[in-house]
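Structural characterization, general
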Amino acid sequence: MLADLTAGAVEDAETRATERPLAVVERAALAQSPARDALAALAPADRVKIIAEVKRASPSRGDLADIPDPALQARLYEQGGASAISVLTEGRRFKGSLADLEAVKASVALPVLRKDFIATEYQVLEARASGADLVLLIVAALEQDVLARLHALTLELGMTPLVETHSADEVDRAADIGARLVGVNARDLSTFALDRDLFGRLAERIPADAIKIAESAVLTPADVAHYRAAGADVVLIGEALVTGDPVATLGAFLEAGK
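So, how was this worked out
Residues numbered from 1 in each chain as written. Predicted model: local features only at pLDDT ≥ 70, side-chain atom pairs only at ≥ 80, totals over all residues. Heavy atoms only, no water. Helix = DSSP H or I, 4+ residues; strand = E, 2+ residues; numbered from the N terminus. Rg over C-alpha atoms; globule rule 2.2 N^0.38 Å. Buried < 20%, exposed > 50% of the residue type's maximum accessible area, 1.4 Å probe, protein only. Contact = heavy atoms within 4.5 Å. Lys, Arg positive; Asp, Glu negative; His and termini not counted. Charge placed at Lys NZ, Arg CZ, Asp CG, Glu CD. 1 Å grid on protein atoms, 1.4 Å probe; cavity = no way out; pocket = protein on both sides within 12 Å on 5 of 7 lines; lining within 4 Å. Points joined across faces, edges and corners; volume = space filled by probe spheres on them.

A short note on the overall build of the protein
Broken down by element type, the protein carries twelve helices and ten strands. For 258 residues, the compact-globule formula gives about 18 Å, and the C-alpha radius of gyration of the protein, at 17 Å, lands near that figure. Along the longest, intermediate and shortest principal axes, the C-alpha atoms of the protein span 45 × 40 × 35 Å. Classification of the 258 residues of the protein by burial places 54% in the buried group. Once local pairs closer than 6 in sequence are excluded, the contacts in the protein between residues at least 24 apart make up 68%. Across the protein, 27 positive and 39 negative side-chain charges occur, with their mean positions spaced 3 Å apart.

Rendered as structure tokens:
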């Protein structure tokens, strides 16, 4: 599944590159205003912080919400107390787009994450050209030299890489490239199985100077409390926020993460 998602995302990026060549995207990326400081926004505090996700669908759950106005959804997240916004830009299975990211970035003052299956320099550059402040890099999808190269490019462009892991080996690989923002995804992107306790097993392996992010398997305040007790600085939440009242849900989640 992960290999197919990544291959599809790269193919779609190659199609976009025929209309908007690398040199054009690079100029647009370099002309953007400086990226917002995600490390400061997500720094450890006396309560959990939340990255709230604009997410219409997923391969595991199908359609979740129409979200005709992603900018409005993001403003509700900001109102509810989110510390950053994640925007799914993968179009085939998640029904997102870079236009969603651009709309969200223009509507909030929070750092914005491009969440996609990124494996090329072009994708990193178009993330910055569209205003992204953070870029997701999935360790399982990338050879180590590619991971290191894309991580370095993301930093060079002033953005923050969110390096996503799913095993002890992948946490070590994230540490080896100096990742400061390390996520542990409870969903195995090869099988889409969930393991809510995975974060707790891997948290101590994450370098002490890195911000620890728990991803997936969050539907109730108890799930947030579970991750906070296991050492999470930040929790990334999508489905629970797009299928209910985002402001009220965020309030309950933030209260549970104190």
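So that's the structure; there's more coming.
Focus: the layout of surface pockets
Roughly 410 Å³ of internal volume is contained in the largest pocket. For the largest pocket, the lining is made up of 28 residues, of which Glu-53, Lys-55, Lys-115, Arg-187 and Ser-216 are closest to its centre. Among the secondary structure elements, those contributing two or more residues to the lining of the largest pocket are β6 (134–138), β10 (234–237) and α11 (239–242). A volume near 250 Å³ is recorded for the second largest pocket. Going through the elements one at a time, α1 (2–19), α5 (98–107) and α6 (121–129) are the ones with two or more residues in the lining of the second largest pocket. The element that contributes the greatest number of residues to the lining of the second largest pocket is α1, accounting for four residues.

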